[in-house]
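What the coordinates show
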Amino acid sequence: MKILVCISHVPDTTSKINFSEGDTKFDTNGVQFIINPNDEYGLTRAMWFKEKQGATVDVVNVGGPETEPTLRKALALGADGAIRVNTPAVDGYAVAEQLAKVFTDGSYDLVIAGRESIDYNGGMVPGMLAGLTDANFINTCISLEIDGTNVKAIREIDGGKETVSTTLPLVIGAQKGLVEESDLRIPNMRGIMMARKKPLTVLEPVEASQETESVKFEKPTPKGAVTLVSPDNLDELVNLLHNEAKVI
Amino acid sequence: MSVLVYTESEQGKYKKVAFEVASYARAVADQLGTTVTAISINAEDPSVLGTYGVTKVLHVKDAKLDTFNAKTYADVIKQAAEQEASKVVVVSSTADSKYLAPLLAIGLKAGYASNVVAAPTSVSPFTVKRTAFTNKAFNLTRISTDVKLVGLSKNSVGLKENATTAEVTDFSPSIPENGVHVEAVDKATNTVTIADAEIVVSGGRGLKGPENWGMIEELADVLDAATACSKPVSDLGWRPHGEHVGQTGKPVAANLYIAIGISGAIQHLAGINASKVKLVINTDPEAPFFKAADYGVVGDAFEVVPALTEKLKAFKAQNA
């Protein structure tokens, strides 16, 4: 089985978010970049397939050279090869088009992408990739078993879960739950050394359209100070929630 | 030319988000000088959509659509949009709509903006405000395609009545075979889900163990609220990961978010930023969550929560 894991290069979850150039650009100053957490759950599951059932695992990112350390980290975690499509990730559709080309040319059986990235939160790339390539698609996937070309999966739905069956080729939107949190790994020295020798292929982009454009960013307006209520005066709290906040 | 809105229903009844997306679609249609058509699948009373400004309903009734299937539903909505020559299509941000929207975007060759929180700031060029960086910021996004797909964030614009008469027309789309088959659905029917809840009661590591969740459930029960938790709690297996709220968990856009024994890590705060009112109960007055809260109680959750539950029971009895 050939597995492709899509890796977004995103600001660390604890990052403070700032903008530059008249609030039109994300300010990367002092920001640590990491593998998008939803992609990391997917990568970990891909490594499970590699180790238990036999599979080759490639990782791919659409972006400039600055994303290569993130791809190297994925290699250090055990991926066999990495691909960088050398173009900025300007919008979800354009990224999906680049990934569709890699998916088709590489004859992958399974593509794993996080259900959304924690920067733009578009949640569109996995589904668009499936739509462009006519592959089957399972979103918010929290369990994935593959036997030959038959797939059994569980996906999270609002207020519960759903068991589905399908066949390869398949795209899944991965998220927390797909693997145990304790199974997530950190690269060890051997992995880091080996990652240096693994292939990182840079592909030039295909011509792709851009459907959306980021115009400007805004930060939420700062809120006022908290109203503290004494634990001995919970009647006052009920009163505030009812009469002032009007939420009960 | 009308704005098309997909109005979700479950077991024949519209979800509340159906009325919210209809209200929003009407606001967009007013800006464009056009009307709103709804696509409604297996709902029992489509004419009720008139209350929220829908003038025409494409009413589909087909047992093959009883179970939600993203690809099939996307195809049905696409056929409706094509029949109506709609230039703007609006969907919600439920798990189902977020699943089908990218497939629909490809089908319609439509640029898609998800997590939209307000009416367009401009319809020419078409520009919408959406959340980014998991609610740590907003992003103004311009959609340049002929057809535009908007995914509306829950609870962002609310319901707006705009009474009109909805003309209900039967619509019989072709229903394609689909490669993904639903085998079983496991859904608690008697509890409020985070996605639907107006109020969410959330517990953190301060609760010391899963055996103490009874008081969280009791408080949620009085408020008709959903229960949730912080990341460490779901990582420890005290609560299912479906309840984890935060940057890698579920976003919460409730009217009231009650955080109990949660210190307020930046990742958690990002997930609840879109909630309107935040109440924090924590023993530590220095907990960062108090800076993000509207109301706070510095105190022991094991004393404050049961006492608050009793006060709310009494309040409810008085106001019943």
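It should be noted that the structure appears before, not after, this text.
Let us look at the structure shown here. (Residues numbered from 1 in each chain as written. Chains lettered and ligands numbered in written order. Predicted model: local features only at pLDDT ≥ 70, side-chain atom pairs only at ≥ 80, totals over all residues. Heavy atoms only, no water.)

What to know about the overall build of chain A
Where we set the bar: The helix count covers DSSP runs of H or I at least four residues long, the strand count covers runs of E at least two residues long, and both are numbered beginning at the N terminus. For each residue, the accessible area found with a 1.4 Å probe, counting protein chains only, is set against the maximum for its type, and the residue is called buried under 20%, exposed over 50%, and partly exposed in between. Any two residues whose heavy atoms approach within 4.5 Å at even a single point are treated as in contact.
A count of helices and strands for chain A gives six helices and 15 strands. Overall, the C-alpha framework of chain A stretches about 65 × 45 × 40 Å when taken along its three principal axes. Put simply, chain A has 248 residues, and 53% of those count as buried. For chain A, the share of sequence-separated contacts (at least 6 apart) that also reach a separation of at least 24 residues comes to 69%.

Quick look at the sheet that holds strand β17 (residues 277–282) of chain B
The line we're drawing: Note on pairing: DSSP must find at least two bridges between two strands before they are called paired. Each axis is a line fitted through C-alpha atoms, and for a helix only the stretch in contact is used; angles between axes span 0 to 180 degrees, taken between their N-to-C directions.
Strand order in this open sheet of six strands is β15(A)-β18(B)-β17(B)-β16(B)-β14(B)-β15(B), and the pairing throughout is parallel. Whereas interior strands pair on both sides, the edge strands pair on one side only; in this sheet they are β15 (227–228) of chain A together with β15 (226–229) of chain B. Sheet topology places β15(A) next to strand β18 (residues 295–298) of chain B; two bridges connect them, and they run parallel. Following the sheet pairing, A:T227 is matched in β18(B) by B:Y295. In this fold helix α6 (residues 234–244) of chain A packs onto β15 of chain A together with β16 (256–260), β17 and β18 of chain B, with an angle of close to 170° to the strand it touches most, β18(B). Contacting β16, β17 and β18 of chain B, helix α8 (residues 301–319) of chain B runs over the sheet at an angle of about 135° to β17(B).

Remarks on the sheet that holds strand β6 (residues 56–62) of chain A
Pairing between sheet strands relies on hydrogen bonds along the backbone, with the strands arranged either parallel or antiparallel. With mixed pairing, 10 strands are arranged side by side in an open sheet as β13(A)-β7(A)-β6(A)-β1(A)-β8(A)-β12(A)-β9(A)-β10(A)-β11(A)-β13(B). Single-partner strands in this sheet number two, and they are β13 (200–203) of chain A together with β13 (181–187) of chain B. Across the sheet, the axes of successive neighbouring strands diverge by a mean angle of 30°, strand direction being ignored. Here β6(A) pairs with strand β7 (residues 81–85) of chain A via five bridges, running parallel.

Remarks on the packing of helix α3 (residues 92–105) of chain A against helix α4 (residues 125–133) of chain A
All names here are of chain A. Operational definition: Under this scheme an angle from 65 to 115 degrees is roughly perpendicular, one under 35 degrees roughly parallel, and one over 145 degrees roughly antiparallel; angles in between are oblique. For any helix crossing, the convention is left-handed if the near helix is rotated counterclockwise from the far helix by under a right angle, and right-handed if that rotation is clockwise.
Between α3 and α4, whose axes approach to 8 Å, the crossing angle comes to 50°. As far as their axial angle goes, α4 and α3 are oblique. Handedness of the α3/α4 crossing: right-handed. Between α3 and α4, the residues in contact are G92, Y93, V95, A96, E97, L99, A100, F103 and T104 and V125, M128, L129, L132 and T133, respectively.

Re the layout of surface pockets
Residue and element names in this part refer to chain A. The condition is simple: Any residue with an atom within 4 Å of a point lines the site, the site being either a cavity, points on a 1 Å grid over the protein atoms alone where a 1.4 Å probe fits but cannot get out, or a pocket, an open set with protein on both sides within 12 Å along at least 5 of 7 lines. Grid points are joined across faces, edges and corners, and a volume is the space filled by probe spheres set on the points. Each residue is assigned to one of three groups, with Ala, Val, Leu, Ile, Met, Phe, Trp, Tyr, Cys and Pro labelled nonpolar, Asp, Glu, Lys and Arg labelled charged, and all others, Gly among them, labelled polar.
Estimates place the volume of the second largest pocket at around 1300 Å³. Contributing to the lining of the second largest pocket are 50 residues, with A89, V90, D91, D119 and Y120 lying nearest its centre. Here the element with the most residues in the lining of the second largest pocket is strand β14 (residues 212–218); it accounts for five residues. In the lining of the second largest pocket, the residues fall into 22 nonpolar, 19 polar and nine charged.

Some thoughts on the packing of aromatic side chains
Two measures describe an aromatic ring pair: the distance that separates the ring centres and the angle between the ring planes. As a reminder, the rule being used: Between the rings of Phe, Tyr and Trp (Trp by its six-membered ring), a pair exists once the centres lie within 6.5 Å; its type follows the angle of the planes, with under 30 degrees stacked, over 60 edge-to-face, and the other angles tilted. Two conditions define a charge sitting above a ring: the NZ of Lys or the CZ of Arg must be within 6 Å of the ring centre, and it must be within 35 degrees of the ring normal.
Per the counting criterion, the structure on display carries 15 aromatic pairs over all chains. Ring centres of A:F137 and B:Y99 lie 5.2 Å apart, and the angle between their planes is 70°; this geometry places the pair in the edge-to-face category. With A:F137 in strand β9 (residues 136–147) and B:Y99 in helix α3 (residues 95–108), the pair connects residues from two separate chains. Each of the two residues, A:F137 as well as B:Y99, counts as buried. With a centroid separation of 6.4 Å and an interplanar angle of 80°, the aromatic rings of B:Y6 and B:Y73 are classed as edge-to-face. Of this pair, B:Y6 sits in strand β1 (residues 3–7) while B:Y73 is found in helix α2 (residues 70–84), placing the two residues 67 residues apart along the sequence. Overall, the relative accessible area of 7% leaves B:Y73 in the buried class. Through a chain of ring-to-ring contacts, three or more aromatic side chains come together here, namely A:F19, A:F26, A:Y120, A:F217 and B:F133. A cation over an aromatic ring shows up here: A:R45 above the ring of A:W48, its NZ or CZ 4.0 Å from the ring centre.

Considering the environment of A:V5
All names here are of chain A. Among the secondary structure elements, V5 is positioned in strand β1 (residues 2–6). In this structure the C-alpha to C-alpha distance between V5 and V171, which are 166 residues apart in sequence, comes to 9.8 Å. Apart from the residues lying within four places of it in its own chain, the contact partners of V5 are D39, G42, L43, A46, V57, D58, V59, V60 and I112.

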